[in-house]
Amino acid sequence: MSVTELSAIQPQKTVDARGTSCPGPILAAKKGIVEVKVGEIMAVLATDSGTKKDLPAWAKKMGHEYLGEMEESGYLKLFVKRMK
Amino acid sequence: MKKTIIVFSGDLDKALAAFIIANGAAAMGDDVTMFFTFWALNILRKPQAPAHKKSFLQGMFGGMMPKGPAKLGISKMNFGGMGAKMMRRVMRQQNVNSLEELIQTAREQGVKMIACTMSMDVLGFKEDELVDGLEYAGVATYLGEADESNVSLFI
């Protein structure tokens, strides 16, 4: 998804993993994804730059859809759609 | 799919690597079994443990080796413990979880931790000298778990 499309998303839940490092953002994603319904979208906020690679890998493994990420001021905002 | 990790080393840096991988795998939905043997048993020691009658050599081992995660050294540049302290400070600055936090998270995520009973006998550790919530077993248990897993690491 493009940044324009991503910025239009209203996630059902946002988990804040800023300040945590590996594997913090993944742990936060694991906890957060069960709090949205199938088909809904979770946003993850992270400062660890590895999250750009790790969150898609996590989503693929867990069977969710990774929608993309955008740079905010000083952190990343990443989007995952719960698929099951 | 299950992951198994043999933790052999009792160094802080290597223990961190083992627990970061264990927590990452558990967060990705995998069952994780960690098998602690030899020096790695020091990671699981209680800082204050009940006294036991031990042989002279086992008493020496027990007295000289680190009691729990807070006392571990690093595998390079430890400088008698100064290196470990500096490493902990840098990691805190970089927001890396401490080993204690990673162990706690691993427990919350249901990571199975097995202590090697043979090593416990050699080093003279009794069950009540190690933290609660462990299983106690030997090589066959590890191999049984490894057969069911697709990744096995020796750290």
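The shown structure was predicted, so the numbers you read here are calculated from the model rather than taken from an experiment.

Enquirer: Can you walk me through the pattern of salt bridges in this structure?
Expert: When the charged atoms of two side chains lie near each other, side chains of opposite charge can form a pair. If you walk through the whole model with that rule in mind, you get eleven salt bridges over all chains. A salt bridge links aspartate 30 of chain B to lysine 61 of chain A, with the shortest nitrogen-to-oxygen separation between them at 2.6 Å. With aspartate 30 of chain B in the loop between α1 (12–27) and β2 (32–36) and lysine 61 of chain A in helix α3 (residues 51–62), this residue pair bridges two chains. Using a relative accessible area of 8% as the deciding quantity, one classes aspartate 30 of chain B as buried. For lysine 61 of chain A, a relative accessible area of 38% gives the class partly exposed. Lysine 2 of chain B is paired through a salt bridge with glutamate 148 of chain B; the nearest N and O atoms lie 2.9 Å apart. Of this pair, lysine 2 of chain B sits in strand β1 (residues 2–7) while glutamate 148 of chain B sits in the loop between α6 (139–147) and β5 (149–154), placing them 146 residues apart in sequence. Judged by relative accessible area, lysine 2 of chain B falls into the buried class, the value being 14%. On the basis of relative accessible area, glutamate 148 of chain B is assigned to the partly exposed category, the value being 48%.

Enquirer: Is there a simple way to explain the sheet that holds β1 of chain B in this structure?
Expert: Two modes of strand pairing occur in sheets, parallel and antiparallel, and in both the strands are linked by backbone hydrogen bonds. Residues and elements named next belong to chain B. On the basis of which strands lie adjacent, the open sheet formed by five strands has the order β4-β3-β2-β1-β5 and parallel pairing. Each of the sheet's edge strands pairs with one partner strand only, and the pair in question is β4 (135–137) and β5. Within this sheet the neighbouring strands show an average axis-to-axis angle of 25°, counted without direction. Looking at chain direction, strand β3 (residues 112–116) and β4 are connected through three bridges and run parallel. Residue pairing for β4: cysteine 116 is matched across the bridge by alanine 137. Packed on one face of the sheet, α1 meets β1, β2, β3 and β5 and runs near 160° to β2.

Enquirer: Where do I start with the interface of chain A and chain B in this structure?
Expert: Taken together, the contacts link twelve residues of chain A with 16 residues of chain B. Of the roughly 1000 Å² buried at the junction of chain A and chain B (both faces included), carbon and sulfur atoms supply 60%. Counting the surface chain A buries against chain B, the share from its top three residues, Pro23, Leu27 and Lys61 of chain A, is 41%. At the surface where chain A touches chain B, the tally comes to one salt bridge. The tally of links between chain A and chain B comes to five residue pairs in polar contact (both at pLDDT 80 or more). Those elements that provide at least two residues to the side of chain A that touches chain B are α2 (24–33) and α3 of chain A.

Enquirer: I tried to follow the packing of α1 of chain B against helix α4 (residues 99–108) of chain B on my own but got confused; where do I start?
Expert: Residues and elements named next belong to chain B. In the contact formed by α1 and α4, the axes pass within 9 Å of each other and the chain directions differ by 30°. With respect to their mutual orientation, α1 and α4 come out roughly parallel. Handedness of the crossing formed by α1 with α4: left-handed. Facing Leu12, Ala15, Leu16, Phe19, Ile20 and Asn23 of α1, the residues of α4 in contact are Leu99, Leu102, Ile103, Thr105 and Ala106.

Rules behind the numbers
Residues numbered from 1 in each chain as written. Chains lettered and ligands numbered in written order. Predicted model: local features only at pLDDT ≥ 70, side-chain atom pairs only at ≥ 80, totals over all residues. Heavy atoms only, no water. Salt bridge = Lys/Arg side-chain N within 4 Å of Asp/Glu carboxyl O. Helix = DSSP H or I, 4+ residues; strand = E, 2+ residues; numbered from the N terminus. Buried < 20%, exposed > 50% of the residue type's maximum accessible area, 1.4 Å probe, protein only. Pairing = 2+ DSSP bridges. Axes fitted to C-alpha atoms, helices over the stretch in contact; angles between N-to-C directions. Contact = heavy atoms within 4.5 Å. Buried area = accessible area lost by both parts, 1.4 Å probe. Polar contact = N/O pair within 3.5 Å; in protein donor to acceptor, adjacent residues only side chain to side chain. Parallel < 35°, antiparallel > 145°, perpendicular 65-115°, else oblique. Left-handed = near helix turned anticlockwise from the far one by under 90°.

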